[in-house]
Amino acid sequence: MQKGVMLYEGKAKRLFATDNGCQVIAEFKDDLTAFNAEKKGSEQGKGELNCRISSELFTLLQTHGVATHFLSCLDSTHMLCKKVSIIPIEVVTRNVATGSLTKRLGISEGRELPFALVEFYYKDDSLGDPLINDEHCKILDITQNQDELEFLKMQARKINTILKEFFLERNLRLIDFKLEFGKDENGEIILADEISPDSCRFWDKETNQKLDKDRFRQNLGDVSVAYQEVLRRVLSKQ
Ligand SMILES: Nc1ncnc2c1ncn2[C@@H]1O[C@H](COP(=O)(O)OP(=O)(O)OP(=O)(O)O)[C@@H](O)[C@H]1O
Ligand SMILES: [Mg+2]
């Protein structure tokens, strides 16, 4: 599969056209950003680790009946995907309070939530990706269809159940994660983008050591060591 023209360059990936109009190639970059790109960095090998981790997790979800954009891994940093029209919502699922939730609700870091909390954030960097509700989605004309919003929440909960168990078996606590969905050429809503330590928070089950992008956000060091450890655990017991 040949890489065609670059369609989009984001902070963590580049998207390329292919000779099939329904497929794109995602190239995973070593760049890291946080706090709406105010903090920038790069970590050698990060793109490769995220590409491999994402490929494994998309495959896992597909075996559990979750439709995703993942088609195949082309090489260490390139993934062949179904092209979708991205729904401009970041679907965040939280099992444990941390990050912006602790500030917004005034609850303590590390508190186990009584149920998986699903939140929507509007994907708009110029607004700082604000928290939105179902009615905001309709005002923004993201969709007028309540069933689509319910489907996103249902998929997020289902994915959470699958991933939480998968990671717990590997001594990792899935604290929270961000998903993006899109519509394929048939109008079907499928999971897209990536699932990696850039988009998830993982804490070691025994020590609560952070093994995700918080190491970069909080200057904790050993970013790629942590991502490598997540990949090692993802690949273990298979
Ligand atoms: N299968 C797909 N088809 C089309 N676009 C996709 C697909 N998967 C992911 N995308 C989009 O491709 C881009 C990936 O790049 P990246 O993750 O680097 O973006 P970003 O810097 O996070 O910015 P943003 O998500 O705000 O555009 C995102 O815009 C994402 O929504
Ligand atoms: Mg992104």
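Above this text sits the structure in question.
Residues numbered from 1 in each chain as written. Chains lettered and ligands numbered in written order. Predicted model: local features only at pLDDT ≥ 70, side-chain atom pairs only at ≥ 80, totals over all residues. Heavy atoms only, no water.

1. What to know about the state of the cysteines
Logical step 1: In the structure shown here, the tally under the stated rule is zero disulfides.
Logical step 2: Among the cysteines around C22, which has no disulfide bond, C81 carries the closest sulfur, lying 13 Å off.
Logical step 3: Free of any disulfide, C200 has its nearest neighbouring cysteine sulfur in C51, separated by 15 Å. (Disulfide = S-S within 2.5 Å.)

2. Here we look at a nonpolar patch on the surface
Logical step 1: Together, V5, L7 and Y8 make up a nonpolar patch on the protein surface, roughly 320 Å² of accessible area in all.
Logical step 2: Residue placement: Y8 occurs in strand 1 (residues 6–9).
Logical step 3: By relative accessible area, which is 53% here, Y8 ends up exposed. (Patch = residues over 30% accessible without salt bridge, like charges linked within 9 Å, V, L, I, M, F, W, Y side chains within 5 Å. Areas by Shrake-Rupley, 256 points an atom, 1.4 Å probe, with all protein chains shown as cover. Salt bridge = Lys/Arg side-chain N within 4 Å of Asp/Glu carboxyl O. Helix = DSSP H or I, 4+ residues; strand = E, 2+ residues; numbered from the N terminus. Buried < 20%, exposed > 50% of the residue type's maximum accessible area, 1.4 Å probe, protein only.)

3. So, the side chain of D184
Logical step 1: Relative to the helices and strands, D184 resides in the loop between strand 12 (172–183) and strand 13 (189–192).
Logical step 2: For the buried D184, which has no salt bridge, the nearest side chain bearing the opposite charge is K82, at an N-O separation of 4.2 Å.
Logical step 3: Only 2.8 Å separates the side chain of D184 from the backbone nitrogen of N186, close enough to count as a polar contact.
Logical step 4: Excluding residues that lie within four positions of it along the chain, D184 makes contacts with K82, K83, V84 and I190. (Lys, Arg positive; Asp, Glu negative; His and termini not counted. Polar contact = N/O pair within 3.5 Å; in protein donor to acceptor, adjacent residues only side chain to side chain. Contact = heavy atoms within 4.5 Å.)

4. Thoughts on the site of ligand 1
Logical step 1: Near ligand 1 you find 16 residues, and of these Y8, K11, A12, K123 and E180 are the closest.
Logical step 2: At a separation of 2.5 Å, an oxygen atom of ligand 1 approaches a polar side-chain atom of Y8.
Logical step 3: Within the backbone of K11, a nitrogen or oxygen atom sits 2.5 Å from an oxygen atom of ligand 1.
Logical step 4: Across the shell around ligand 1, the residue classes break down as six nonpolar, two polar and eight charged. (Near = heavy atom within 4 Å. Nonpolar A, V, L, I, M, F, W, Y, C, P; charged D, E, K, R; others polar.)

5. Notes on the pattern of salt bridges
Side chains that differ in sign of charge can pair as their charged atoms come close.
Logical step 1: Tallying each qualifying case throughout the model produces 27 salt bridges.
Logical step 2: The residue E27 makes a salt bridge to R14 at a minimum N-O spacing of 3.1 Å. Separated by 13 residues along the polypeptide, E27 in strand 3 (residues 23–28) and R14 in strand 2 (residues 13–17) bring together distant segments of the chain.
Logical step 3: On the accessibility criterion, R14 (25% relative accessible area) is partly exposed.
Logical step 4: Between R94 and D176 there is a salt bridge whose closest N-O contact spans 3.5 Å. You can see R94 sitting in strand 9 (residues 89–96) and its partner D176 sitting in strand 12, a full 82 residues away along the chain. Across the pair, exposure class does not vary: R94 and D176 are buried alike.
Logical step 5: Among the charged side chains, a salt-bridge network with shared partners connects R94, R104, E119, D176, R201, D214 and R217.

6. Brief notes about the sheet that holds strand 6 (residues 70–75)
Logical step 1: Spatial strand order, 1-2-3-7-6: five strands in an open sheet with antiparallel pairing. Looking along the sheet, the strands with just one partner apiece sit at the ends: strand 1 and strand 6. Across the sheet, the mean angle separating the axes of adjacent strands is 25 degrees when strand polarity is ignored.
Logical step 2: Running at roughly 150 degrees to strand 6, helix 1 (residues 46–63) makes contact with strand 3, strand 6 and strand 7 (78–82) of the sheet. (Pairing = 2+ DSSP bridges. Axes fitted to C-alpha atoms, helices over the stretch in contact; angles between N-to-C directions.)

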